Each structure stands twice: as C-alpha cells, then as structure tokens.
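Below, each chain spelled out in residue letters.
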Amino acid sequence: MTGAEYAIIAGAIFLAACLQASSGFGMGMLAAPVIAIIDPELLPATLILLALLVTVMVTLTERQSLDLRGTGWALAGRVPGSVVGAWLVAVSSKEGMAWVVVAVVLAGLVLAGRGWAPRPRRTNLMVAGAASGIMGTATSIGGPPMALIWQGHEGPRLRGTMSAFFMVGSAISMAMLWLAGTVTQHMLVLALWMVPAVIAGYAASRYVNRFLSPPRLKKLAFAASAVGSALLVIQLVLGSS
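Residues numbered from 1 in each chain as written. Predicted model: local features only at pLDDT ≥ 70, side-chain atom pairs only at ≥ 80, totals over all residues. Heavy atoms only, no water.

- The name given to the protein chain in an unreviewed UniProt entry is Probable membrane transporter protein, with Pseudarthrobacter equi as the source organism.
- In its Sequence similarities (unreviewed entry) section, the UniProt record describing the protein chain reads: "Belongs to the 4-toluene sulfonate uptake permease (TSUP) (TC 2.A.102) family."
- Comment text from UniProt for the protein chain, heading Subcellular location (unreviewed entry), reads "Cell membrane". (UniProt positions renumbered as here; feature names shortened; annotations may be inferred.)

Next up, the structure:
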C-alpha cells in the first residue's frame, strides 16, 4: 500500500475507534468499508484485533455500569455464531458476504426506525449474540444486532455493556479465524501500525461523550450503521463494474 492509503485507513480507524468508544459499537460499520476499498484482504481479522483493543479500554473505563447478566446470555449465542462466521470466511466469497451484511444492517435500521425494540430477554439476547457472532467474525461488523437489543440502555451502561460483549466476542472471533487459517501476517502487521490511531480515537471519545445525551447517542449509532452500509454498497458496485 502507498503512504496515502495508510493515511486513509488510519483516519478511518481513528474516527471508527472514537465512535466505538462513544456509542459502544460502530468501528466495523465505518472502517470496514474503507479498508475493503483499499485492500479487502485485510478483513476481517485486522479490524477485529483493533476493535478488541478499543473494547478493552472502554470496558475498564465503564466497568461500574456493566450489565453482566445480559452480556453473559449474549455471549452464549456469540460462541456458536462465531464458529459459523469463521466457516463462512473460509468457504464464501467476500462479495457475497458483504451483500448479506448490507441487507441485514438495512433491515435492522428499518425495523428500528419503525420503533422495533426487542426486549433484552434471554432468548432475544442469545439470538442477537449469535447474529453478531456470524456477522462480526465473517465481516468485522457485528454491532447492529446488539445495538438493537440494547438500545434502551443509557450512555455509560450502553458503552460498558456493548464493550464487554465485544471484548470477549472479538477474542472468540479471532480464535475461530486463527483455527480456520484465515489470519495472515499482513493483517497482523497493519493492526500493529494502526494501534496509535485506535488510542487517539479512544482519547477523543472521552471529550465526545460529554456532549452525547442518550437520544443523540442512539441517533449517532443508527447513523453510523446507515453510513457504513452506503459505503459498503458503493464499494461493491465499484468492484463489480
């Protein structure tokens, strides 16, 4: 990659890390399409590793606000979902999976826009966790299912609970991808180079959080999903033309 391409990826990761640390999700939604345009071979492991770093920092910061019971049930679904996601990475085309992600995210946005807010009950949490495991492991975008199920949480509780879930979930996804033989040295090297961008994004989020009320936080999370989907569609259309 050229220096300009490294800079573009670093900028996208900085903004995505800031959003992830502020809203509890969004890193994959914003950064994955940008990375896919420049070098799709870097996905999904590079972004999952960087998301793991962000979620560790946020979980430690918001540890007093965690919904541990809800996180536990969601992770019970994440484990089998991650296994399926790793299998999909090994056997499916990236283009096909990307179109599936677009469809799922847009469907989630439509349902949320219509006021659909599934209650964070045991079954719903496990289903959302499984969907997040499949999407997150296969494409590095696993936030939308959890954002829908936990949209009723307030700022610190949302950030802490989502981050705790994705901290463990990302580690599970990386383990599954490693076992599937889809993690390359190229991915690991870029992830190491992007660590400063992640730390800077996290630091910026501490200021952003002061201006985000719960309604603004919800709008920001859904807007991130919409923007990420639009960018991904553009990348797919350009790639097929």
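What follows continues from the structure just given.
Looking at empty space enclosed by the protein
Inference 1: Overall, the coordinates contain two cavities of 30 Å³ or more when judged by the stated rule.
Inference 2: What the largest cavity holds in volume is close to 190 Å³.
Inference 3: Contributing to the lining of the largest cavity are 18 residues, with Ala51, Ser140, Gly142, Phe166 and Ser170 lying nearest its centre.
Inference 4: Elements supplying a minimum of two residues to the lining of the largest cavity: helix 2 (27-38), helix 3 (45-61) and helix 8 (155-179). (1 Å grid on protein atoms, 1.4 Å probe; cavity = no way out; pocket = protein on both sides within 12 Å on 5 of 7 lines; lining within 4 Å. Points joined across faces, edges and corners; volume = space filled by probe spheres on them. Helix = DSSP H or I, 4+ residues; strand = E, 2+ residues; numbered from the N terminus.)

Considerations on helix 10 (residues 195-208)
Count 3.6 residues to each turn of an α-helix, and residues three or four apart come out pointing the same way.
Inference 1: Its 14 residues place the ends of helix 10 20 Å apart at the C-alpha level, agreeing with the 20 Å of an ideal helix rising 1.5 Å per residue.
Inference 2: Residues Ala197, Val198, Gly201, Tyr202 and Ser205 constitute the buried set of helix 10. Along the axis of helix 10, the buried positions cluster into a sector of 135°, meaning they face one direction only. Along helix 10, the residues that are exposed and aim more than 90 degrees away from the buried face are Pro196 and Tyr207.
Inference 3: In this structure, the buried residues of helix 10 make contact with helix 1 (3-23), helix 2 and helix 3. (Expected span 1.5 Å × (residues − 1). Buried < 20%, exposed > 50% of the residue type's maximum accessible area, 1.4 Å probe, protein only. Arc of directions from axis to C-beta. Contact = heavy atoms within 4.5 Å.)

Notes on the UniProt feature "transmembrane region" (unreviewed entry) in the protein chain
Inference 1: If you check UniProt for "transmembrane region" (unreviewed entry), the listed places come out as residues 46-61, 73-90, 96-113, 125-150, 162-180, 187-208 and 220-238 in our numbering.
Inference 2: Across residues 125-150 one finds 85% helix and 0% strand; the C-alpha atoms that close the span lie 9 Å apart.
Inference 3: Spanning residues 162-180, this segment combines 95% helix with 0% strand, and its end C-alpha atoms are found 26 Å apart.

Focus on a nonpolar patch on the surface
Inference 1: On the surface, a nonpolar cluster with roughly 340 Å² of combined accessible area is contributed by Val227, Leu231, Ile234 and Leu238.
Inference 2: Assignment of secondary structure puts Leu238 in helix 11 (residues 214-240). (Patch = residues over 30% accessible without salt bridge, like charges linked within 9 Å, V, L, I, M, F, W, Y side chains within 5 Å. Areas by Shrake-Rupley, 256 points an atom, 1.4 Å probe, with all protein chains shown as cover. Salt bridge = Lys/Arg side-chain N within 4 Å of Asp/Glu carboxyl O.)

Some remarks on the pattern of salt bridges
Inference 1: Inspection of every chain in the model, using the stated rule, returns three salt bridges.
Inference 2: Arg206 serves as the salt-bridge partner of Glu62, at 3.6 Å between the closest nitrogen and oxygen. One end of the pair, Glu62, is in the loop between helix 3 and helix 4 (68-91); the other, Arg206, is in helix 10, and 144 residues separate them in sequence.
Inference 3: For Asp67, the salt bridge goes to Arg157, with nearest N and O atoms at 3.9 Å. Pair noted here: Asp67 is in the loop between helix 3 and helix 4 and Arg157 is in helix 8, with a separation of 90 residues, a long-range link.

Concerning the packing of helix 1 against helix 3
Inference 1: Where helix 1 contacts helix 3, the axes come no closer than 10 Å and their chain directions differ by 35°. The two elements helix 1 and helix 3 cross, and the hand of that crossing is right-handed. Seen from helix 1, the contacting residues are Ile13, Ala17, Gln20 and Ala21; seen from helix 3, they are Leu50, Val54, Thr55 and Val58.
Inference 2: For the contact of helix 1 with helix 3, a count of residues per class yields six nonpolar, two polar and no charged. (Axes fitted to C-alpha atoms, helices over the stretch in contact; angles between N-to-C directions. Left-handed = near helix turned anticlockwise from the far one by under 90°. Nonpolar A, V, L, I, M, F, W, Y, C, P; charged D, E, K, R; others polar.)

Here's the deal with the packing of aromatic side chains
Inference 1: Enumeration according to the criterion identifies two aromatic pairs in this entry.
Inference 2: Ring centres of Trp150 and Phe165 lie 6.0 Å apart, and the angle between their planes is 80°; on these two criteria the pair is classed as edge-to-face. Here Phe165 lies in helix 8 and Trp150 lies in the loop between helix 7 (143-149) and helix 8, a separation of 15 residues in the sequence. Phe165 matches Trp150 in its accessibility class, with the two residues each being buried.
Inference 3: With a centroid separation of 5.0 Å and 75° between ring planes, the pair formed by Phe165 and Phe166 is classed as edge-to-face.
Inference 4: Among the aromatic residues, ring-to-ring pairing joins Trp150, Phe165 and Phe166 into one connected group. (Phe/Tyr/Trp six-rings, centres within 6.5 Å; stacked < 30°, edge-to-face > 60°.)

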